[in-house]
Structure formats: C-alpha cells, structure tokens
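Structural characterization, general
What follows is each chain in one-letter form.
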Amino acid sequence: MPAIRKFQVTFDCAEPEHLARFWCEVLGYVVPPPPEGFDNWDDFRSAQPPERRGAWFACEDPTGAGPRLYFRRVPEGKAAKNRVHLDVRVATGLVGAERLAALEAECARLTPLGAVHVRTLYDGNDACIPMLDIEGNEFCLD
C-alpha cells in the first residue's frame, strides 16, 4: 500500500496575508508561529529583501487534521474559473430546509468578511451555495 502523503493547498493571489486571514475566519484555522529565529511575523517581514516582503503567508488547522493553506503572491490576476475549489462542509448530514438554513447562516457570516454570494442551489432536498472569496476564487458552502 502506498504511503499517505500530507499536502497543502496553494492559492496564487495578490495579497497573501490578507487572503490567509480571510480563510482563517472561514475555516477556524490559525496563523502558524513565525519562522524560527523571529519573535513575530513583522520581524520576519522586516528581515526580508523588499521584493520578498509579503510574498507568501500560510494558515493551518489548529487540530492538525486539515491541510495547510499556502498563499503566494503572483503578478497576474485571476483569469478564469477555478479548476479546483474548496467545499466548506457546514451542513454535513443535514437535508432539506434544515440544510438550506445552515448554509444560509454560514453565508450570512461570511459575506461581511468580504465573501460574495454567487447563488443558492436548492432542489427541495439538497443545497449548495457557490461563493467567491475576497480575491474572486470560487468555493462552495456544502
């Protein structure tokens, strides 16, 4: 049997720290401690050459169960629909109106953070809410 590999999910973006902190709020993730030898992230940033300051940031599941999220600055903007996206599972095991209500409540929590509600998909039993994060990356409340 092949070994199970840990992985991280990488986002190309314009503002790595801003986007990472948004996803911390969405997922309950935390910002990891700064790299060894630095007391805080500001000290780490200050030690970098100007062109590398703010080039990346990360967040992680405080329980260690979920993948690390890594955000790296790229010069180009988002040009097309994501081929891969995150499904934020907030209504697992729920159906019908109860599922829809849980998804709508999470949507209402995320929109003041800058998320954009794209539409609500509901067939009377199953529901999903496609959304955009603060840089226009698609994700779904599921």
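Residues numbered from 1 in each chain as written. Predicted model: local features only at pLDDT ≥ 70, side-chain atom pairs only at ≥ 80, totals over all residues. Heavy atoms only, no water.

Take helix H3 (residues 96-110) next. Spanning 15 residues, H3 covers 22 Å between terminal C-alpha atoms, matching the ideal 21 Å at 1.5 Å per step. Among the residues of H3, those classed as buried are Gly96, Arg99, Leu100, Leu103, Glu106, Cys107 and Leu110. Down the axis of H3, the buried set is contained in an arc of 130°. They therefore lie on one face. For H3, the exposed residues set more than 90 degrees away from the buried face come down to Ala97 and Glu98. Packed against the buried residues of H3 are helix H1 (16-27), strand S5 (116-117), strand S6 (121-122), strand S7 (127-132) and strand S8 (138-141). (Helix = DSSP H or I, 4+ residues; strand = E, 2+ residues; numbered from the N terminus. Expected span 1.5 Å × (residues − 1). Buried < 20%, exposed > 50% of the residue type's maximum accessible area, 1.4 Å probe, protein only. Arc of directions from axis to C-beta. Contact = heavy atoms within 4.5 Å.)

Attention now moves to the sheet that holds strand S3 (residues 68-73). The pairing of strands in a sheet comes from backbone hydrogen bonds and takes either a parallel or an antiparallel form. Strand order in the open sheet formed by 3 strands is S1-S3-S2, with mixed pairing between adjacent strands. Looking at which strands have only one partner, the edges of the open sheet turn out to be strand S1 (8-13) and strand S2 (56-59). Taken over all neighbouring pairs, the strand axes of this sheet differ in orientation by 20° on average, direction set aside. Relative to S3, S2 is paired through 4 bridges, and the arrangement is antiparallel. Along S3, the bridge assignment pairs Trp56 with Arg72. Running over the sheet, H1 touches S1, S2 and S3 and is turned about 10° from S2. (Pairing = 2+ DSSP bridges. Axes fitted to C-alpha atoms, helices over the stretch in contact; angles between N-to-C directions.)

Along the chain, Arg99 turns up in helix H3. Side-chain polar atoms of Arg99 contact the backbone oxygen of Ala127, separated by 3.1 Å. The contact partners of Arg99, leaving out residues within four places of it in the chain, are Ala91, Thr92, Leu94, Asn125, Asp126, Ala127 and Asp142. (Polar contact = N/O pair within 3.5 Å; in protein donor to acceptor, adjacent residues only side chain to side chain.)

For the protein chain, the average pLDDT comes to 94, and 100% of its residues sit at 70 or higher. Here helix H2 (residues 41-47) is the element of the protein chain with the lowest mean pLDDT, 91, and S5 is the one with the highest, 98. (pLDDT = per-residue confidence, 0-100.)

Further remarks concern the packing of aromatic side chains. Counted according to the given criterion, the structure contains 10 aromatic pairs. Taken together, a centroid distance of 5.6 Å and an interplanar angle of 80° make the contact between Trp41 and Trp56 edge-to-face. With Trp41 in helix H2 and Trp56 in strand S2, this residue pair connects regions lying 15 residues apart in the sequence. A relative accessible area of 12% places Trp41 in the buried class. With a relative accessible area of 22%, Trp56 lands in the partly exposed category. Linked through ring pairs, Phe38, Trp41, Phe44, Trp56, Phe57 and Tyr70 together constitute an aromatic cluster. (Phe/Tyr/Trp six-rings, centres within 6.5 Å; stacked < 30°, edge-to-face > 60°.)

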